[in-house]
Amino acid sequence: MKGVVFTEFFELIEELHDYEMVDRVIQESNVESGGNYTSIGSYDFQELVKLLITYSNISGNSIDEALRLFGHKLLKTFRSGYAAFFEPYDNARDFLKTVDNYIHVEVYKLYPDAELPSIRVEDVDDNSFRLIYSSSRALGHLAFGLIEATFELYKEEYTIEMKSTSEKGDEVTFLCKRI
Amino acid sequence: MSQLDLLNRRIEREILARKTAERILEEKALELHHNNVQLQDLNRELEEKVRQRTEELELSRQAYKGLVENAGDVIYNLDRNGCFTYVNPAGQKILGIPAHTLHGKHFSEVLHPDNREEIVRLHHLTLRAKKELINLEFPVTSLDGRTTWLGQKLNVHYDEAGKLEHITGVARDITEIRNIQERIRKSEEKYRGLIENMELGLLEVDTNDKIVRSYDGFCRMMGYEQEELIGKDPKSLFLDEEDISFMEQQEADRKKGLHNVYEVQMKHKQGHKVWMLISGAPVMNDLGVVTGSMGIHYDISEQKKLEADLIRAKKEADDARQAEKEFLAQMSHEIRTPLNAVIGMTNLLSDTQLNPEQETYVQDVKHAADVLHGLISDILDLSKIEAGQMELAPSLVNIHQTVVMMCRTMKVKAEENSNQLDYFIGDKVPQLMRLDRNILNQVLLNLIGNAIKFTHKGKITLYLDTQIKEDGACLLQVKIVDTGIGIPESKLPDIFEKFKQADGRNTHKKYGGTGLGLPICKKLVELHGGNIHVESETEKGSTFRFELKGQLADRNSSGQLSAADGTSGASVDFTKLKFLIVEDTFMNQRYIQSILKRWSSDSELANNGKEAVELSENERFDLILMDMQMPVMDGYEATRVIRADKTNPNHRAPIIALTASALLDDRRKALAAGMDEHLTKPFTPDQLKAAIQTQLSRSGESNPAERVPLPLAFRVTKVKQEHIDMYFGGDMDYAKEMVLEFLRSLPSERENIGRLIQSKDSTALSNWLHSMYPVVAMLGAPELSKEIKTKQLTVNESEWTDDLVLWSEQLDIALSDLGDELEKWVEGQVA
Ligand code: HEM
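Residues numbered from 1 in each chain as written. Chains lettered and ligands numbered in written order. Predicted model: local features only at pLDDT ≥ 70, side-chain atom pairs only at ≥ 80, totals over all residues. Heavy atoms only, no water.

## With respect to the interface of chain B and chain A
For step 1, the next point in the chain: Taken together, the 11 residues of chain B in the interface contact 14 residues of chain A.
For step 2, the next point in the chain: Approximately 1,100 Å² of surface area, both sides summed, lies buried where chain B meets chain A, with 57% of it carried by carbon and sulfur atoms.
For step 3, the next point in the chain: On the chain B side of the interface with chain A, the three residues burying the most area are Leu6, Arg10 and Arg13 of chain B, jointly 53% of the side's total.
For step 4, the next point in the chain: Summed over the shared surface of chain B and chain A, the number is 3 salt bridges.
For step 5, the next point in the chain: For the salt bridge of Arg13 of chain B with Asp23 of chain A, the shortest nitrogen-to-oxygen distance reads 2.7 Å.
For step 6, the next point in the chain: On inspection of chain B and its partner chain A, the count reaches 4 residue pairs in polar contact (both at pLDDT 80 or more).
For step 7, the next point in the chain: Residue composition of the side of chain B that touches chain A, grouped by class: 6 nonpolar, 2 polar and 3 charged. (Contact = heavy atoms within 4.5 Å. Buried area = accessible area lost by both parts, 1.4 Å probe. Salt bridge = Lys/Arg side-chain N within 4 Å of Asp/Glu carboxyl O. Polar contact = N/O pair within 3.5 Å; in protein donor to acceptor, adjacent residues only side chain to side chain. Nonpolar A, V, L, I, M, F, W, Y, C, P; charged D, E, K, R; others polar.)

## Describing the packing of helix α18 (residues 609-618) of chain B against helix α19 (residues 635-644) of chain B
All names here are of chain B.
For step 1, the next point in the chain: The geometry of α18 relative to α19 is characterised by a closest axis approach of 8 Å and an angle of 20° between their N-to-C directions. The angle between α18 and α19 places the two elements in the roughly parallel class. For the pair α18 and α19, the sense of crossing is right-handed. On α19, the residues touching Gly609, Val613 and Ser616 of α18 are Ala638, Val641 and Ile642. (Axes fitted to C-alpha atoms, helices over the stretch in contact; angles between N-to-C directions. Helix = DSSP H or I, 4+ residues; strand = E, 2+ residues; numbered from the N terminus. Parallel < 35°, antiparallel > 145°, perpendicular 65-115°, else oblique. Left-handed = near helix turned anticlockwise from the far one by under 90°.)

## With respect to the site of the ligand
All names here are of chain A.
For step 1, the next point in the chain: Close contacts around the ligand come from 25 residues, with Lys2, His104, Glu115, Tyr133 and Arg137 the closest.
For step 2, the next point in the chain: Arg137 has a polar side-chain atom sitting 2.7 Å from an oxygen atom of the ligand.
For step 3, the next point in the chain: Looking at the shell around the ligand, the elements with two or more residues in it are α4 (63-81), α5 (83-86), α6 (92-110) and α7 (140-153).
For step 4, the next point in the chain: Per element, the largest residue contribution to the shell around the ligand is 6 residues, and it comes from α6. (Near = heavy atom within 4 Å.)

## Some points on the sheet that holds strand β19 (residues 602-606) of chain B
Residue and element names in this part refer to chain B.
For step 1, the next point in the chain: Reading across from one edge, β19-β18-β20-β21-β22 is the order of the 5 strands in this open sheet, with parallel pairing throughout. Each of the sheet's edge strands pairs with one partner strand only, and the pair in question is β19 and β22 (677-680). Ignoring strand direction, the axes of neighbouring strands in this sheet form an average angle of 20°.
For step 2, the next point in the chain: Where strand β21 (residues 655-659) meets β22, 4 bridges bridge the pair, whose relative direction is parallel. The residue of β22 that forms the bridge with Leu658 is Leu679.
For step 3, the next point in the chain: Sheet contacts for α19: β20 (623-627) and β21; angle to β20, the most-contacted strand, approximately 150°. (Pairing = 2+ DSSP bridges.)

## Overview of the pairing of strand β14 (residues 459-468) of chain B
Residue and element names in this part refer to chain B.
For step 1, the next point in the chain: Two elements, strand β12 (residues 420-425) and β14, share 6 bridges in a ladder whose sense is parallel. Opposite Leu421, over in β14, you have Ile460 as the bridge partner.
For step 2, the next point in the chain: Where β14 folds back on strand β15 (residues 473-482), the antiparallel hairpin that results is connected by 4 residues, among which Gly472 adopts a positive phi of roughly 90°.

## Section: the coordination of the iron atom of the ligand
Ideal values for angles at a metal depend on the geometry: 109.5 degrees with four tetrahedral donors, 90 or 180 degrees with six octahedral donors.
For step 1, the next point in the chain: The protein gives the iron atom of the ligand a lone donor atom, His104 of chain A (NE2), placed 2.5 Å from the metal.
For step 2, the next point in the chain: Along the chain, His104 of chain A turns up in helix α6. (Donors = N, O, S within 2.8 Å, 3.2 Å for Na, K, Ca; no water.)

## Here's the deal with unusual backbone geometry
For step 1, the next point in the chain: Even without glycine at this site, Ala138 of chain A takes up a positive phi of about 50°.
For step 2, the next point in the chain: Tracing the chain through its elements places Ala138 of chain A in the loop between β2 (128-134) and α7.
For step 3, the next point in the chain: Even without being a glycine, Lys457 of chain B presents a positive backbone phi close to 50°.
For step 4, the next point in the chain: Judged by relative accessible area, which is 72%, Lys457 of chain B ranks as exposed. (Buried < 20%, exposed > 50% of the residue type's maximum accessible area, 1.4 Å probe, protein only.)

## A few points about the sheet that holds strand β7 (residues 211-214) of chain B
Residues and elements named next belong to chain B.
For step 1, the next point in the chain: Taken in spatial order, the 5 strands of this open sheet run β7-β6-β10-β9-β8, and their pairing is antiparallel. A single partner strand is all that each edge strand has here, and the edge strands are β7 and β8 (260-267). Going across the sheet, the axis of each strand differs from the next one's by a mean of 30°, ignoring polarity.
For step 2, the next point in the chain: With 8 bridges connecting them, β8 and strand β9 (residues 273-284) associate as antiparallel partners. From the neighbouring strand, Met266 faces β9, where its bridge partner is Val274.

Here you go:
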């Protein structure tokens, strides 16, 4: 997992709480790397899992909720860092369609060790579409947060119906309907 | 304090993260540097390769340029408008135009004016069809007016849109080749013209059997105009259904490249048929590919007609020859029959009391009849020899005796002409030789007779000598020298020719004879593997030489001969004999009857074979005289019937065949039928007497009717007691029992033989013989047993042959004789 995910995650905790919380999560998680992440490094995905569990225990927030908020946080970061990906489109659906076959492809070119999901968008009708997430890391709620944030960004109102299509949660379908 | 710790930890984490980041960046930078270095290397390598390729290209460009510049072939480039952009020096030379003037010129400007329009048209057609490769031949004209034929190969290059870019051309000067081709074409034309003048018709067809060219000669032969034939199928036009398949076979052969000649009938335009001799050969183009075939036709209708005429003529001639042969055969019978009677009657007449005048008349009649008889015999002999019906019949001949006898006989005649006849026999000449007795006699008789005839108050001398050849053959060399009138030189070559006597009519008138004697001699001598020659001088005399190819006699056979020769002399009492005469011609009947009457013999007459069989069943005759050619039943058949019927009292009686011809074949047939002797008509009373005496005195028995001549082995005279003793160990009772048993079974055994002969079953005969010979040996007839055993072995291997009939019949007689002897033996035992 890229270091940026870790640094962003710590930033989110600091925003929601304070650095003391960040410090506690690091110390209590007892991660191998020692918690001093740099955004350009790469770290074991299991460290993120440990950190999430520790945070959930201390704060009382569910992991799912934390991931959803993290999605909002990440999209904001992406929006300010990679505005060029967003600008060509005026609606969420068109933008989302580009994640899998353009944005993540570019990410992969830059970081050959990146671990990326598959994001498939299927049109249902003019007002609704289906987004199918699949990844061995089962971060469906992170995706949920990212999608919510995307709609907010394009100022569109959609209901999102999330449904796991596999037990392990490595495949999740989001049915998005315009309100 | 804890806030401070927290801060410290945070700073520490930030520092560690930064250091990690710096280290990562450092590594990335290093990696980048390496990549950059590699990139630079790659770049350098690529630059080097490009430089090398450029150099190589330049070199090969130079090389190609050199090739193009120095090429003997013309090489040029045309731009899309058809203007020269490049012409190599060879091209410049042929066109006589320097490169700078040529460049920019349109190609049509260098073309020969005669072909210009057509070539340009072709050029446009090619481009419109977007062809990429064109082969063309056309002439170009140089600035100074020389015309050069160029064989060209054009490569047309189009761009992606299919628009013409440029044309590269390679051309070769083919003027010389074209000239040669032209010369060949002209000489071919010349030869075809020649062939046409030779009354041969040429027709050329393509591979689809369509006429591409027909020459005048052919058109004339078939009555067509050239234009009518082009494109036609010659088979359906000229041939009948049945000839087409024949022709197709010929064509198949021709396609394989075979030349062939055949004859076929072709339909003329007017409808009649023309017989053609056709020689076909494949026509090939310059590349050796068969493009069709050329037929050379020769009208052989005339020859065909001639051929047919010849065949008809030959058939007519053959028919005529056949008719002549039949005529001769017929004549033989028709003339001989009355003639025999005339001669016979004359013989009888001369034995009666005649006054001198009558005596002369009788002598004249006799002479005339003899001449006529000689003529007919000669003609028949000659025609038989010519028809290949005469065969050699070699036997052992006592040469000395023959010559002595011959000279003794001829002496009388010689003295009539006041001639002296002598003979000389060479020291080396053997007593006995194997050759054809009749041929020797006939040739000698003829030549000596001639010599006597043409010599007056002179000498005739006979010389004999022999010569042994390498192959063991013995040549008998005979020379007859006379001191007579001789033969004119001009006639000598014809002397052995048919119907050509020394001087035609005159000789015939004066000396008589048929003129066939010498031709017959020549044929006979040649048949005997020898030759005959004559030397002569008029008024001085003639010398005839001839040779016969025979064999020396071996010792064994000489003994046999003397035994055979020693049979004559025994006298037969004719007054006690009764003959059966079988003869259909009245005059012959009278002749024979009267001869027999003169000898005081009794005779009975049968008019044909059937009557003879009937008479022979009722009465025993001492001898039967049997004519061969008779109506109802001929002599052969009658003889077979009499011989086969064991109840017939005459089944063992001697039978003398009376035939009209002296041919071997007739003699053989007569003997095969079971006859004992053969007498040729006409015969003198003496000849008949001799034949009868031979037959009846052979056995030496007083009762000749029961005796027929048998080969030695078959002559059972007395039972050999020693043999019976040997086999039965002196037990005479047992022996008698066996003999009686044999005698009881004898009639049925003899019936068996008759049946076996009739069925002609050689295997059955062999089996029967096998069971027979041990019994015969035990019963005291060892010779007969041995004969049966020997025969049994050969019968086993061979098919049925007719001499088995004769043999079996003789065996039957021998067995019957054995029976008689055994009966005597039994009587002796009782006593
Ligand atoms: C400009 C836009 C985006 C950028 C630059 C971006 C880039 C990235 C990067 C760098 C990672 C981490 C990979 C790693 O650590 O190995 C990531 C993971 C992820 N991205 Fe994006 N992303 C973008 C938009 C989105 C959006 C719109 C979605 C919405 C569904 C999304 C879904 C995810 C998820 C779910 C993961 C987590 C990895 C996983 O589940 O396997 N991303 N992305």
